[in-house]
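The residues making up each chain are set out below.
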Amino acid sequence: MSQHFLLSKAAKTLSLAQVLRLSDAEAEAMFSQVRWPATNGKPVCSHCGGLEPYDCRRPNGAPRFECRACGKDFSITSGTLFASHKLPLRTYLGAIAIFCNEVKGKSALALSRDLGLSYKTAFVLLHKLREAMASEMKGRVVGGEGKVAEIDGGYFGGYVKPANLRENRKDRRFTNNQSGKRKVVVIVRERGGNSVPAVFRSEGQALNFIRARVAKGTVINADEGNGWNDLHGQYEMKRINHQEAYSLNGACTNWAEEYFSRLRRAEIGHHHNIAGVYLLRYAQEASWREDHRRMANGDQVQRLAGLALRNKPSVDFSGYWQRSINRL
């Protein structure tokens, strides 16, 4: 039996111990290299793009630059998801390393304990990292001529605690016995390629999303849910009845089920509840992890840090400290 990738040496190229041993200057140099790769880590003005800023470091040692062209000052994280940060850069790098090392997700409570942060700080930081992950999926189209994609839906949230006595329990499969918060995560996943998740009230509402994200000529595999029937007019479809088999005559949704396995384990083992306005972000996180599951953890850290530093300040958590969170 071949060795699992996570057990191999290739998967472990960066440890948390290595990150914590970095000096402030080394962490600063690493962030600079990720932020400005085109200039080999030399600062570029985030306001005008000037290439001749000078160091005007603050008295507390926090890195700061002032542009000779426009006269404005900026930092390594100005205009990024980490803009206006209060923590040392090494702490952010440690948070990214911890987040990437957890293959099924990381709870905000656990991260707050690991790094000595408040729960709210850890919660917001993790959601900013999920927002960075989601930026990779913006406008993504999967499939194409000769390629195969799988679609499936899984329901999350809206848990209703059953009554103590058996005679008082209600069948929660009926709509009138549900909380109304339950939503379906629909995953579109190309075999051997990338995936795109989305959240809807029902599988049938996802058809326009699927048509927009799956290229023409793609062979789509799906289960026998009625919500997918209208796709037969645009795509070649292969359907699998899971009451008969998991895979039959070349039709299966095992790649989609692998994604839901990761998302379910994240819900059960780490978060316990991933419903409501944040469900999409957790779904996108699971998709990013599944797409990059064969990437070394050091490369994952570099990639995620790069995404965070290339994205503008958060659209979801702008002004959260004034109790004005921008809902998804």
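Predicted model, so just to flag it, every value in this text is computed and none were measured.

**Some thoughts on the overall build of the protein**
Here is step 1: Counting secondary structure elements, the protein contains nine helices and ten strands.
Here is step 2: Principal-axis analysis of the C-alpha atoms places the extent of the protein at approximately 65 × 55 × 45 Å.
Here is step 3: For the protein, with 328 residues in total, the buried portion stands at 46%.
Here is step 4: Across the protein, contacts joining residues at least 24 apart in sequence account for 63% of those joining residues at least 6 apart.
Here is step 5: Here the protein has roughly 17,800 Å² of accessible surface; of this, 48% comes from carbon and sulfur atoms.
Here is step 6: Within the protein, the 31 negative side-chain charges are centred at a point lying 5 Å from the centre of the 50 positive side-chain charges.

**A look at the side chain of aspartate 223**
Here is step 1: Inspection of the secondary structure assignment puts aspartate 223 in strand E7 (residues 219-223).
Here is step 2: Setting aside anything within four residues of it in sequence, one finds aspartate 223 in contact with Asp152, Trp228, Arg239, Ile240, His242 and Thr253.

**Details of the packing of aromatic side chains**
Here is step 1: All chains considered together, the criterion is met by twelve aromatic pairs.
Here is step 2: Aromatic side chains tyrosine 278 and phenylalanine 317 sit 6.3 Å apart centroid to centroid with 5 degrees between the ring planes, which places their arrangement in the stacked category. Here phenylalanine 317 lies in the segment after helix H9 (297-310) and tyrosine 278 lies in the loop between helix H7 (254-271) and helix H8 (279-291), a separation of 39 residues in the sequence. Exposure class is identical for tyrosine 278 and phenylalanine 317. Each is buried.
Here is step 3: Aromatic rings pair up to connect Tyr119, Phe123, Tyr278 and Phe317 into one cluster.
Here is step 4: Directly above the aromatic system of phenylalanine 156 lies the positively charged group of arginine 264, at a separation of 3.9 Å from the ring centroid.
Here is step 5: Above the ring of phenylalanine 99, the side-chain terminus of arginine 289 is found at 4.5 Å from the ring centroid.

**Observations concerning H9**
Here is step 1: Over its 14 residues, H9 extends 20 Å from the first C-alpha to the last, a length consistent with the 20 Å expected when each residue adds 1.5 Å.
Here is step 2: Within H9, ten of the 14 residues are buried, leaving the element largely enclosed by the surrounding structure.
Here is step 3: Among the residues of H9, Asn297, Gly298, Gln300, Val301, Leu304, Ala305, Gly306, Leu307, Ala308 and Leu309 are the ones counted as buried.
Here is step 4: Contact partners of the buried residues in H9: helix H2 (24-35), helix H3 (89-101), helix H5 (119-135) and H8.

**Side note on the domain arrangement of the protein**
Here is step 1: Split by domain assignment, the protein resolves into domain 1 (9-136 + 314-319) and domain 2 (148-292).
Here is step 2: The C-alpha-based centres of domain 1 and domain 2 are spaced at 34 Å.
Here is step 3: Tallying the contact residues gives 18 residues for domain 1 and 13 residues for domain 2.
Here is step 4: Between domain 1 and domain 2 the total buried area reaches about 1,500 Å² when both faces are included, carbon and sulfur atoms providing 58% of it.
Here is step 5: When residues of domain 1 are sorted by the area they lose upon contact with domain 2, Lys104, Arg130 and Met133 head the list and together hold 40% of the total.
Here is step 6: Joining domain 1 to domain 2, the criterion identifies two salt bridges.
Here is step 7: One salt bridge in this structure joins glutamate 285 and arginine 130, with 2.6 Å as the shortest N-O distance.
Here is step 8: Taken together, the connections running from domain 1 to domain 2 amount to seven residue pairs in polar contact (both at pLDDT 80 or more).
Here is step 9: Where the side of domain 1 that touches domain 2 is concerned, the elements lending two or more residues are H3 and H5.
Here is step 10: Here the side of domain 1 that touches domain 2 takes six residues from H5, the largest share from any one element.
Here is step 11: Broken down by class, the residue content of the side of domain 1 that touches domain 2 amounts to eight nonpolar, three polar and seven charged.

Thresholds applied
Residues numbered from 1 in each chain as written. Predicted model: local features only at pLDDT ≥ 70, side-chain atom pairs only at ≥ 80, totals over all residues. Heavy atoms only, no water. Helix = DSSP H or I, 4+ residues; strand = E, 2+ residues; numbered from the N terminus. Buried < 20%, exposed > 50% of the residue type's maximum accessible area, 1.4 Å probe, protein only. Contact = heavy atoms within 4.5 Å. Areas by Shrake-Rupley, 256 points an atom, 1.4 Å probe, with all protein chains shown as cover. Lys, Arg positive; Asp, Glu negative; His and termini not counted. Charge placed at Lys NZ, Arg CZ, Asp CG, Glu CD. Phe/Tyr/Trp six-rings, centres within 6.5 Å; stacked < 30°, edge-to-face > 60°. Lys NZ or Arg CZ within 6 Å of the ring centre and 35° of its normal. Expected span 1.5 Å × (residues − 1). Domains from an automatic or database assignment. Buried area = accessible area lost by both parts, 1.4 Å probe. Salt bridge = Lys/Arg side-chain N within 4 Å of Asp/Glu carboxyl O. Polar contact = N/O pair within 3.5 Å; in protein donor to acceptor, adjacent residues only side chain to side chain. Nonpolar A, V, L, I, M, F, W, Y, C, P; charged D, E, K, R; others polar.

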